[in-house]
Amino acid sequence: MTQPVNTPPAISIVTPSYNQGKYIRRTIESVLSQGAALEFIIMDGGSTDETLEILQEYGSAIRWVSEPDKGQADGVNKGIRAASADIIGWLNSDDVYYPGALRSVLEFFAAHPEVDAVYGDANHIDEQDNILEAYYTEDWKLQRLFDVCFICQPALFFRKKLIEAHGLLNIAYNTCMDYELWVRWGLKGVRFERLPV
């Protein structure tokens, strides 16, 4: 669903990408089929495969930039800076949302203004979207987060004010930039809640 002119989006989805043409169409379709008032921003790191041709097919339904970056975290940071909604999700270019995911998230945030970040259940999937296993998830406890990362990054959504208060992803981390961010927020007293769907 595209946004009517001058209507702010309810949620911004940021996707970093680099040479992910093999997967990115299914990622895009999973976002655009959500039926939510959304803004979809793809930050491409300068792909040389078919990614750009695919992005061009979607016209104004997505916003995208293709330019060299300093890695995934830098791409996500650029997308977050460009986001205009108060709620943000970060979906990688080989991940997908299940139908109704964004609606569930938006309803939860509307009903719980005291919550700053919400995370749901998720599955590891193969190239045909077959479920390989469930991602281990449990209810929020900061001390447990020090032991195990029980938050699946594509299943977490947050209020943009967290970035304004506590900063962006640390681009020094190549693979655990999400975990570092969750721990940093937890140490600052950010209110997390699990949405078990």
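Residues numbered from 1 in each chain as written. Predicted model: local features only at pLDDT ≥ 70, side-chain atom pairs only at ≥ 80, totals over all residues. Heavy atoms only, no water.

Undergrad: Before we go on, may I ask you to explain the overall build of the protein chain in this structure?
TA: Looking only at helices and strands, the protein chain has seven helices and nine strands in total. Relative to the globule expectation of 16 Å for 197 residues, the C-alpha radius of gyration of the protein chain, 16 Å, shows essentially globular dimensions. Along the three orthogonal principal directions, the C-alpha set of the protein chain runs to about 45 × 35 × 35 Å. Contacts in the protein chain between residues at least 24 apart in sequence constitute 71% of all its contacts with a sequence separation of at least 6. Of the roughly 9,700 Å² that the protein chain leaves accessible, carbon and sulfur atoms contribute 51%. Seen as two clouds, the 17 positive and the 28 negative side-chain charges of the protein chain have centres 7 Å apart. (Helix = DSSP H or I, 4+ residues; strand = E, 2+ residues; numbered from the N terminus. Rg over C-alpha atoms; globule rule 2.2 N^0.38 Å. Contact = heavy atoms within 4.5 Å. Areas by Shrake-Rupley, 256 points an atom, 1.4 Å probe, with all protein chains shown as cover. Lys, Arg positive; Asp, Glu negative; His and termini not counted. Charge placed at Lys NZ, Arg CZ, Asp CG, Glu CD.)

Undergrad: Please clarify how the pairing of strand 4 (residues 87-90) should be interpreted in this entry.
TA: Regular strands have side chains that alternate between both faces of the sheet. Residues Ile-87 and Gly-89 of strand 4 are buried on one face, and the alternating residues Ile-88 and Trp-90, pointing to the opposite face, are buried as well. Judged from the three bridges that link them, strand 1 (residues 11-17) and strand 4 form a sheet pairing that is parallel. Bridging across to strand 4, Val-14 finds its partner in Trp-90. By the bridge criterion, three bridges tie strand 4 to strand 8 (residues 156-159) in an arrangement that is antiparallel. If you follow Gly-89 over to strand 8, its bridge partner there is Phe-157. (Buried < 20%, exposed > 50% of the residue type's maximum accessible area, 1.4 Å probe, protein only. Pairing = 2+ DSSP bridges.)

Undergrad: Explanation requested: the sheet that holds strand 9 (residues 192-195) in the structure shown.
TA: Strand-to-strand pairing in sheets goes through backbone hydrogen bonds, with the strands running parallel or antiparallel. The strand order 3-2-1-4-8-5-9 describes an open sheet built from seven strands, whose pairing is mixed. Two strands bound the open sheet, and with one partner strand each, they are strand 3 (63-66) and strand 9. In this sheet, adjacent strand axes meet at a mean angle of 20° when their direction is disregarded. Pairing of strand 5 (residues 117-120) with strand 9, which is carried by four bridges, proceeds in the parallel orientation. In the sheet register, Gly-120 faces strand 9, and the bridge partner there is Leu-195. The sheet contacts of helix 1 (residues 24-32) involve strand 1 and strand 2 (38-44), and relative to strand 2 the element is tilted by about 160°. (Axes fitted to C-alpha atoms, helices over the stretch in contact; angles between N-to-C directions.)

Undergrad: What is the right way to look at the side chain of Glu-138 in this model?
TA: The topology assignment puts Glu-138 in the loop between strand 7 (131-134) and helix 5 (142-147). Taking the relative accessible area as the measure of exposure, Glu-138 reaches 14% and is therefore buried. A polar contact is formed between the side chain of Glu-138 and the side chain of Tyr-136, at a distance of 2.4 Å. Filtering out sequence-adjacent residues up to four positions away, Glu-138 remains in contact with Tyr-119, Arg-144, Phe-150 and Arg-194. (Polar contact = N/O pair within 3.5 Å; in protein donor to acceptor, adjacent residues only side chain to side chain.)

Undergrad: Any chance you could explain unusual backbone geometry here in plain terms?
TA: Most peptide bonds take the trans form, and the phi angle of most residues other than glycine is negative. Positive phi is not limited to glycine here, since Asn-19 has a value of about 50°. Within the secondary structure layout, Asn-19 lies in the loop between strand 1 and helix 1. For Asp-129, which is not glycine, the phi torsion reads 70° and is therefore positive. Tracing the backbone shows Asp-129 in the loop between strand 6 (123-125) and strand 7. Take Asp-129: its relative accessible area is 37%, and that puts it in the partly exposed class.

Undergrad: Help me understand the pattern of salt bridges in this model?
TA: Think of it this way: side chains of opposite charge can pair up when their charged atoms draw near. In this structure the tally under the stated criterion is eleven salt bridges. Between Arg-26 and Asp-129 there is a salt bridge, and its shortest N-O distance comes to 2.2 Å. With Arg-26 in helix 1 and Asp-129 in the loop between strand 6 and strand 7, the pair connects residues that are 103 residues apart, well separated along the chain. Arg-194 serves as the salt-bridge partner of Asp-121, at 3.1 Å between the closest nitrogen and oxygen. Taken together, the positions of Asp-121 in the loop between strand 5 and strand 6 and Arg-194 in strand 9 put the pair 73 residues apart, joining distant regions of the chain. (Salt bridge = Lys/Arg side-chain N within 4 Å of Asp/Glu carboxyl O.)

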